[in-house]
Structure formats: structure tokens, C-alpha cells
Amino acid sequence: PPPPPPGPLADQSAKLVHDAAHPYEPLKPGDQRGPCPALNTLASHGYLPRNGIATPVQIVNAVQEGFNLENSFARFLVYSTFLVNGNPVTNLMSIGDKTSLTGQDPPKPATVAGLDTHNNCEGDTSMTRADAYFGDNHSFNETRFQNLVKFSKKYGAGKYNYTVAAQYRKFLIEDSIQNNPQFTLVSPRLFTAFAESVFPVNFFIDGRDTSGQLDLDVARSFFQNMTFPPNFHRRNGSVSNVGQDVVTDLMPNFRPGYNAHGVNSYVPDPTSATLTEPCVRYVNFVNRNIKSLYPNPTGVLKEALKINLQYLYEATVAAGDGCTQVFPYGK
Ligand code: HEM
Ligand code: MG
């Protein structure tokens, strides 16, 4: 059975993570990289298997060790993503595209297609990746990065900070409403979209620097080159999405929703959890997203799904959400 996730790091202090034991190595043919600059970097430095195929435990350990991501947040992110995009039987997930390296697929409609999979964790309005509608939802996109640069110059005196994060997120949403006929921003992607906006401030700034201002060359090092800057120290103390309130405060009237019939036809989706409804997010995720991929699992697959769903629920408990557990496959 899948082993339980690790707890928090015993020592959460800032420390050198771009160390001699974790050199950058370029990709080899077949190695997977995807939409997440942090996981890409961790794989390129050997905190994750360098081929980009990892277990949930390896990913929780890597994001804690390499970036000091808070334990319950890491667990929720990892198990929700793994349940959709990973292989429950082999316990492997690709941080990029679908690959045979994750083993034999469970029966359809399960996809086991890696983090590039659209509309669960990956979704529209990414800062440096295009919307799936435009063809490539996972590769670094220079045009998008130049927008991040432009907003950092306009609102951050040339650095990326929470103020820039808010302005750029607002722009990205308006931009997708106006240009992506298939634009959607509902749970669960809704949650990652807003959290990711502050992640570069929270995790990509060297741990010895408390200014809250991310240098744009450092940003490029992570987003494009998948590399820790020289001598990079992880942040001091674990954290998750602190600062996100600065982003949501700029858009008090924003509601999860989608373009219903082409560009500029945005309507709210009342069935989506909002950012302040973590339990609606959890219950809908299990009963809709997971259940639709695995309507009638049996045997080893069913047992693995139940255990991973248990780990997911325990992450909501650790986060203090107070949700009622749901059991789509029995207790
Ligand atoms: C995207 C950072 C952990 C999965 C992103 C983005 C950032 C980021 C900044 C946005 C990229 C963009 O908008 O261009 C981080 C940091 C992490 C972390 C700093 C840990 C400290 C994780 C974990 C998972 C994950 C644990 C899941 C196992 C993803 C996915 C996306 C993403 C699927 C694509 C979402 C999208 O932009 O459409 N991450 N991440 N990340 N991350 Fe991570
Ligand atoms: Mg995206």
C-alpha cells in the first residue's frame, strides 16, 4: 500500500539548497518537465528523481527540503494532483507529460497523464505559460514572461512582489476573458491560480533576503531555466500562500466562472467552490473529479485510491479546515 506522507521538517531554518550534493544537470532524452517551475527545478537538481517521475512522498519531501513549503499545504497539493494525474497502483506521477514510465494505466476513463493535464491543477491564467486553448499549457512562454517583467517594472520598481502579483493576476484574468473563448477559472484550478501568484515571492527569493522583492533574473532562473541561482538558500521557516489576500483584495468582485459562449462572455459558476470554501473544494473534488475518473474501481486500484483519499482528507484536517470526510468507495 502507498506509504503515508512525511510530517513537517524538524529544522525549518534557511539553508543552502543549491549545494554540492544537488548540482544542476541538463535534461536527458525522455526526462519530464512541466508547468511547475518549482518541481522542474527540484528535478533538475536531484531533489526529485531527475527523470521527473516521482512518488507523492518524494514530492512532499522535495518541496519541503528545497523550498520550505508548509506540510499540510504540500500534502493537499500533492495528493489532489496525484489522484488525478498519477498512477495509484504504481504510485508514480509525471511532473510533465503522459509517459509509459508511470507504468500500466488503470482502466479508462482514468487518464494518468501527468501535471500537463489541463483543468485540474493546471489551468488558465498562468503567469509564464499560455492557456491550453492556445496549444501549449506547460512550456515557458517568453511573451508571458515579458508581461510579468512589464508589470514588475510598472508596479514593483523592477521587482516582483505582492503588489505586482495582484496587478498581474487581475490582468491575466481580464486577458483570458478577452482572448480565450474556452477560458475557465473554477475549483480546483481557482485555488492554485491565486496561490501561485504569491509563490514566487514566498519561495523564489533567497532565504537570507527578507525584502519581499524578487529579482527578475532570479525569476527567469526558476521559470525558464529550472535552476537554483548560485548559492541559493531556501526561505527561513515554512509557509504556504501568505500574501494571497493582497491579490484577492484587488478583485473583491471576482467570482469563479468561465466564458460561456466565446470571448467576453464570462459568467460565474455557482457550483464551483470559492476561495473561502475549502470544504466545498474538497468534497466536490472527491465526488466529482475523482469519481468521474474512477467510477467503479476494484481490487488493488480501489484500495490505493481509498488510501490516497485518506491522505488527502488528513491534509485538510492538518490545515484546520474542519471538513466532513466523504467516502466515494466505502470506508
Ligand atoms: C504552477 C510554484 C509546488 C504543481 C506553479 C507556478 C508557480 C509554482 C509559481 C505558476 C507557474 C506560472 O504561472 O507560470 C510552486 C512552488 C512550490 C510548488 C514554489 C513549492 C514550494 C507544487 C506542487 C505541485 C505543483 C507540490 C503538485 C504536486 C503545479 C502545477 C502547476 C504549477 C500542476 C501548473 C498550474 C498552472 O499554472 O496552470 N507552481 N509550486 N506545484 N504547480 Fe507548482
Ligand atoms: Mg496553466
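Everything below is about the structure printed above this text.
The sections below set out a description of the structure shown in this document.

Topic: the packing of aromatic side chains
Then, number 1: If you walk through the whole model with that rule in mind, you get 23 aromatic pairs.
Then, number 2: Between the aromatic rings of F199 and F203, the centroid separation amounts to 5.1 Å while the plane-to-plane angle is 85 degrees, which identifies the pairing as edge-to-face. One end of the pair is F199 and the other is F203, both in helix α6 (residues 189-203) and four residues apart, which spans about a single turn.
Then, number 3: Judged by relative accessible area, which is 17%, F199 ranks as buried.
Then, number 4: Each residue in the set Y47, F67, F140, F145, F204, F222, F223, F228 and F232 is aromatic and connected to the rest through ring pairs, giving one cluster.
Then, number 5: Of note, R281 hangs over the ring of F191, and the distance from its end group to the ring centre comes to 4.1 Å.

Quick word on the site of ligand 1
Then, number 1: The full set close to ligand 1 counts 26 residues, and C36, G123, S126, M127 and T128 are the nearest of them.
Then, number 2: Within the backbone of M127, an N or O atom sits 2.6 Å from an oxygen atom of ligand 1.
Then, number 3: At a separation of 2.7 Å, an oxygen atom of ligand 1 approaches a polar backbone atom of T128.
Then, number 4: Counting atoms within 2 Å of the grid points, the majority share of ligand 1 lands in the largest pocket.
Then, number 5: Taken together, the elements giving at least two residues each to the shell around ligand 1 come down to α1 (37-44), α2 (56-67), α3 (71-85) and α6.
Then, number 6: Per-element accounting of the shell around ligand 1 gives the leading share, five residues, to α6.
Then, number 7: When its residues are assigned to classes, the shell around ligand 1 shows 18 nonpolar, four polar and four charged.

With respect to the coordination of the iron atom of ligand 1
Then, number 1: In this structure the iron atom of ligand 1 is ligated by exactly one protein donor, C36 (SG), at 2.3 Å.
Then, number 2: Looking at the element boundaries, C36 is found in the segment before α1.

Here's the deal with the packing of α3 against helix α10 (residues 299-318)
Then, number 1: For the pair α3 and α10, interaxial distance at closest approach is 8 Å and the crossing angle is 150 degrees. Classified by the angle their axes make, α3 and α10 are roughly antiparallel. Note on packing geometry: the crossing formed by α3 with α10 is left-handed. Between α3 and α10, the contacting residues are S72, R75, F76, Y79, S80, F82 and L83 on the first element and L305, N308, L309, Y311, L312, E314, A315, T316 and A318 on the second.
Then, number 2: Residue composition of the contact of α3 with α10, by class: 10 nonpolar, four polar and two charged.

Scoring rules and cut-offs
Residues numbered from 1 in each chain as written. Chains lettered and ligands numbered in written order. Predicted model: local features only at pLDDT ≥ 70, side-chain atom pairs only at ≥ 80, totals over all residues. Heavy atoms only, no water. Phe/Tyr/Trp six-rings, centres within 6.5 Å; stacked < 30°, edge-to-face > 60°. Helix = DSSP H or I, 4+ residues; strand = E, 2+ residues; numbered from the N terminus. Buried < 20%, exposed > 50% of the residue type's maximum accessible area, 1.4 Å probe, protein only. Lys NZ or Arg CZ within 6 Å of the ring centre and 35° of its normal. Near = heavy atom within 4 Å. Polar contact = N/O pair within 3.5 Å; in protein donor to acceptor, adjacent residues only side chain to side chain. 1 Å grid on protein atoms, 1.4 Å probe; cavity = no way out; pocket = protein on both sides within 12 Å on 5 of 7 lines; lining within 4 Å. Sits in = over half its atoms within 2 Å of the grid points. Nonpolar A, V, L, I, M, F, W, Y, C, P; charged D, E, K, R; others polar. Donors = N, O, S within 2.8 Å, 3.2 Å for Na, K, Ca; no water. Axes fitted to C-alpha atoms, helices over the stretch in contact; angles between N-to-C directions. Parallel < 35°, antiparallel > 145°, perpendicular 65-115°, else oblique. Left-handed = near helix turned anticlockwise from the far one by under 90°. Contact = heavy atoms within 4.5 Å.

Just distances and angles here, no functional claims.
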